[in-house]
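Given next are the chains, with one letter for each unit.
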Amino acid sequence: MKDIYGILKKYFGYDSFRPGQEKIITSVLGGRDVFAVMPTGAGKSVCYQIPALAMEGITLVISPLISLMQDQVRNLKAMGVRGAYLNSSLTPSQIVLATKNAKKGMYKIIYVAPERLNTPAFLDFAMNSDISMIAIDEAHCISQWGQDFRPAYLRISEFIAMFEKRPVVAAFTATATKKVKDDIVNKSGLVHPVIYTGGFDRPNLSFAAEEPIDRLVYVRNYLAAHKNQSGIIYCLTRQETENAAAVLSSCGFGVSAYHAGMTDEDRRRVQEDFIYGRVNIITATSAFGMGIDKPDVRFVIHLNMPARMEDYYQQAGRAGRDGERAECILLYSPADVRINRFMIEQIPDNDPMTPEERQEYIRSELDCLQQMIFYSTSKHTCLRKRILVYFGENAPSHCNNCSVCRRNVITVKPAEDVRNYDRALYSKLKAHCRKLSLFGGVPLYTIASESMLRDMASLKPKTTAQLRLISGFGEEKIKRYGKDFINIINSF
Ligand code: ADP
């Protein structure tokens with residue numbers, strides 16, 4: 001078998017796999033289909049990018065969102081991997097060109113929107129090329145049970161069935177509910193998949209549920225105490241996103257609103273401002289999220305209680321993808337219960353449910369809501385425990401990293417980041433990255449992550465060989481930025 005550790009080090013700069021990654025990768029390389037459920041930030045991309053690099057031929061990645069594809073292809077390029085995407089953001093002539101290049105074997109990994117799979121031009125390319133693997137990203141889009149349902153996902157199995165030599169197929173999602181999982185296994189065209197379910201705990205996230213008198217005042221104070229951090233503030237309605245953005249902006253914070261009522265153009269601009277760090281804070285409805293692959297989000301605040309734990313955990317989970325500490329704060333008011341209850345009972349008239357089904361539906365949604373209320377008003381039960389138990393996992397009774405545990409001070413202090421690093425050097429290195437980010441038109445975190453900056457500022461590597469010891473420095477990154485970093489460190 002190929003040296004997957006070598007690939008991990010060379011391209012990604014990492015020394016070890018995260019839980020599940022090795023098992024998934026070796027299963028794929030052994031020719032087995034895979035279905036992986038892993039929490040956000042667990043490292044799903046590595047699970048198909050390494051097989052893609054280890055195998056002959058091309059890997060197709062089916063992905064639902066243009067912004068996700070663009071992020072991923074940009075990340076691949078930064079690692080020295082030839083990748084491309086095919087979606088509606090390209091003009092017809094760009095598509096023709098990209099497909100031509102793909103046919104010539106110029107790309108190792110190609111991201112494609114599900115709608116494009118069964119078009120004549122794409123089929124012509126796919127059926128006449130050596131496609132070794134198909135990765136289905138955000139596989140829950142296949143399920144009508146979730147809010148991200150995408151009809152074109154239902155035709156993926158048809159596409160797979162057309163190959164004379166069937167590629168290995170791997171499906172990935174962070175959504176845990178049983179109904180959705182069953183849909184993915186039954187409808188994605190997977191054959192006897194190896195199933196991997198990762199633990200749902202995100203140890204680097206801290207949780208809090210608060211009931212402040214004035215929520216915007218709470219948020220304002222929070223922002224004032226967390227200057228220059230990047231965060232998302234979820235609101236229940238479009239109007240509330242605009243109102244919160246206006247109030248917080250008037251207090252001097254850089255805030256933009258995001259919701260489905262805005263034009264595509266405006267939404268794209270806000271998203272990019274956020275990803276490139278031109279705006280630190282977004283107030284958003286639940287429409288904001290799936291396309292956001294920003295690893296250094298330091299907090300997610302919910303201005304209102306959502307109706308379901310699934311939604312809450314998915315949105316809160318957008319914090320701290322880089323594994324660094326991040327905060328998830330839910331602000332609760334009893335009015336949230338009334339509003340959510342009202343929305344649950346308002347099923348549209350044209351909904352084709354029988355009265356019994358309707359009753360059953362409302363009952364099950366109200367059950368979900370009740371769980372959220374338990375979470376939001378928890379006085380004695382650890383919040384992390386509530387989350388994990390909800391998703392069917394065992395959990396210790398105290399995490400010491402949520403508002404309940406903190407209030408009930410059972411103080412075993414959560415692992416503080418005690419690493420000593422030179423703050424002045426850190427600032428110098430970060431300023432350099434900022435400059436590179438501005439000139440190169442790439443987000444700062446694709447140049448160096450927080451942990452890489454801190455490691456450099458504490459280990460002070462003086463040679464390329466020493467730099468290579470820092471997790472995250474792959475060959476391409478060293479080639480592009482290594483000299484500059486070393487110069488800064490040496491002249492410091
Ligand atoms: P997901 O898609 O599951 O949300 P990503 O694939 O975006 O997660 O990975 C999250 C972060 O973890 C990325 O910054 C990625 O580079 C990093 N990562 C992935 N695998 C490893 C690993 N084995 N060691 C260290 N960092 C990793």
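Not measured: the values here are computed from a predicted model.

Novice: Help me understand the side chain of Lys294, please; the structure alone is not making it clear to me.
Specialist: Note on placement: Lys294 falls in the loop between strand E11 (281–284) and strand E12 (297–302). A relative accessible area of 4% places Lys294 in the buried class. From its side chain, Lys294 meets the backbone oxygen of Phe274 in a polar contact 3.3 Å long. A polar contact of 3.1 Å, which involves the side chain of Lys294, links it to the side chain of Asp296. Lys294 has contacts with Ser230, Phe274, Ile275, Arg318, Arg321 and Tyr445, leaving out every residue within four places of it along the chain.

Novice: Help me out: how do you make sense of the domain arrangement of the chain in this one?
Specialist: Interfaces are frequently sized by the accessible area removed from exposure as the parts join. Here the domain parsing of the chain yields domain 1 (4–197), domain 2 (205–407) and domain 3 (423–491). Once you take the C-alpha centre of each, domain 1 and domain 3 turn out to be 30 Å apart. Domain 1 puts 13 residues into the contact, and the matching count from domain 3 is 15 residues. With both chains or domains summed, domain 1 and domain 3 bury close to 880 Å², and 52% of this area falls on carbon and sulfur atoms. For domain 1, the biggest contributors to the area lost against domain 3 are Lys9, Arg74 and Ala78; these three give 44% of the whole. Inspection of the region where domain 1 meets domain 3 yields zero salt bridges. Counting the contacts that link domain 1 with domain 3 gives four residue pairs in polar contact (both at pLDDT 80 or more). Of all elements in the fold, only helix H1 (4–12) and helix H4 (66–78) reach the threshold of two or more residues within the side of domain 1 that touches domain 3. Of the residues in the side of domain 1 that touches domain 3, the class split is five nonpolar, three polar and five charged.

Novice: Please clarify how the pattern of salt bridges should be interpreted in this entry.
Specialist: The full count for this structure, using the stated rule, is 26 salt bridges. Linking Asp15 and Lys9 is a salt bridge whose minimum nitrogen-to-oxygen distance equals 3.2 Å. The exposure class of Asp15 is partly exposed, given its relative accessible area of 48%. The class for Lys9 is partly exposed, based on a relative accessible area of 22%. Arg407 is the partner of Glu210 in a salt bridge, and the nearest nitrogen-oxygen pair spans 3.3 Å. Of the two residues, Glu210 sits in strand E8 (residues 205–210) while Arg407 sits in helix H16 (residues 403–407), which places them 197 residues apart along the sequence.

Novice: Would you mind showing me how to read the nonpolar core here?
Specialist: A general trend in soluble globular proteins is that nonpolar side chains are found buried together. Counting residues in hydrophobic clusters, the biggest one holds 117 residues, and the most contacted among them are Ile134 and Phe159. With seven residues, helix H3 (residues 44–54) is the single largest residue contributor to this core. Contacts of Phe159, omitting those with residues within four sequence positions, involve Leu60, Leu117, Asn118, Phe122, Leu123, Ala126, Met127 and Ile134. In terms of nonpolar packing, the next biggest core, distinct from the first, is built from 21 residues, Tyr426, Met456, Ile486 and Ile488 among them.

Novice: So what exactly am I meant to see when it comes to helix H20 (residues 475–490) here?
Specialist: An α-helix turns once per 3.6 residues; consequently, residues spaced three or four apart project the same way. Between its first and last C-alpha, H20 extends 21 Å over 16 residues, near the 22 Å set by a 1.5 Å rise per residue. For H20, the principal kink sits at Tyr481 and spans about 60°. Among the residues of H20, those classed as buried are Glu476, Lys477, Ile478, Tyr481, Gly482, Phe485, Ile486, Ile488 and Ile489. Tucked inside the fold, the buried residues of H20 contact H4, helix H17 (423–440), helix H18 (450–459) and helix H19 (464–467).

Novice: Honestly, the site of the ligand in this entry has me stumped. Any pointers?
Specialist: If you check the shell around the ligand, you find 14 residues, and the closest are Tyr14, Ser16, Gln21, Gly41 and Ser45. Between Tyr14 and the ligand, the recorded distance is 2.7 Å, taken from a side-chain N or O atom to an oxygen atom. Look at the ligand: alone it shows 570 Å² of surface, and the protein chains cover 80% of it. If you tally residues by element for the shell around the ligand, the top one is H3, at three residues. Split into classes, the residues belonging to the shell around the ligand amount to five nonpolar, six polar and three charged.

Novice: What exactly am I supposed to notice about the environment of Ser129 here?
Specialist: Relative to the assigned elements, Ser129 resides in the loop between helix H6 (120–127) and strand E5 (131–136). With 71 residues separating them in the primary sequence, Ser129 and Ile58 have C-alpha atoms 7.9 Å apart. Side-chain polar atoms of Ser129 contact the backbone oxygen of Phe125, separated by 2.6 Å.

Novice: What exactly am I supposed to notice about the pairing of E5 here?
Specialist: On any regular strand, side chains alternate: one points to one face of the sheet, the next to the other face. By the criterion of burial, E5 is predominantly enclosed, with six of the six residues buried. With five bridges joining them, strand E2 (residues 58–62) and E5 adopt parallel strand pairing. Paired with Val61 across the two strands is Ala135, which belongs to E5. Direction of pairing for E5 relative to strand E6 (residues 168–173): parallel, over a ladder of four bridges. Note that in E6 the partner of Ala135 across the bridge is Ala170.

Novice: What is the right way to read the sheet that holds E8 from this model?
Specialist: Each strand in a sheet pairs with its neighbour through backbone hydrogen bonds, running either in the same direction (parallel) or in the opposite one (antiparallel). If you walk across this open sheet you meet the six strands as E8-E13-E12-E9-E11-E10, and the pairing is parallel. Each of the sheet's edge strands pairs with one partner strand only, and the pair in question is E8 and strand E10 (255–258). Shown here is a sheet whose adjacent strand axes are inclined to one another by a mean of 15°, direction ignored. Note that strand E9 (residues 230–234) and E11 share four bridges and pair parallel. The residue of E11 that forms the bridge with Gly231 is Ile281.

About the cut-offs
- Residues numbered from 1 in each chain as written.
- Predicted model: local features only at pLDDT ≥ 70, side-chain atom pairs only at ≥ 80, totals over all residues.
- Heavy atoms only, no water.
- Helix = DSSP H or I, 4+ residues; strand = E, 2+ residues; numbered from the N terminus.
- Buried < 20%, exposed > 50% of the residue type's maximum accessible area, 1.4 Å probe, protein only.
- Polar contact = N/O pair within 3.5 Å; in protein donor to acceptor, adjacent residues only side chain to side chain.
- Contact = heavy atoms within 4.5 Å.
- Domains from an automatic or database assignment.
- Buried area = accessible area lost by both parts, 1.4 Å probe.
- Salt bridge = Lys/Arg side-chain N within 4 Å of Asp/Glu carboxyl O.
- Nonpolar A, V, L, I, M, F, W, Y, C, P; charged D, E, K, R; others polar.
- Core = buried A, V, L, I, M, F, W, Y, C linked by side-chain atoms within 4.5 Å.
- Expected span 1.5 Å × (residues − 1).
- Bend = angle between axes of the 7 residues up to and from the residue.
- Near = heavy atom within 4 Å.
- Areas by Shrake-Rupley, 256 points an atom, 1.4 Å probe, with all protein chains shown as cover.
- Pairing = 2+ DSSP bridges.
- Axes fitted to C-alpha atoms, helices over the stretch in contact; angles between N-to-C directions.

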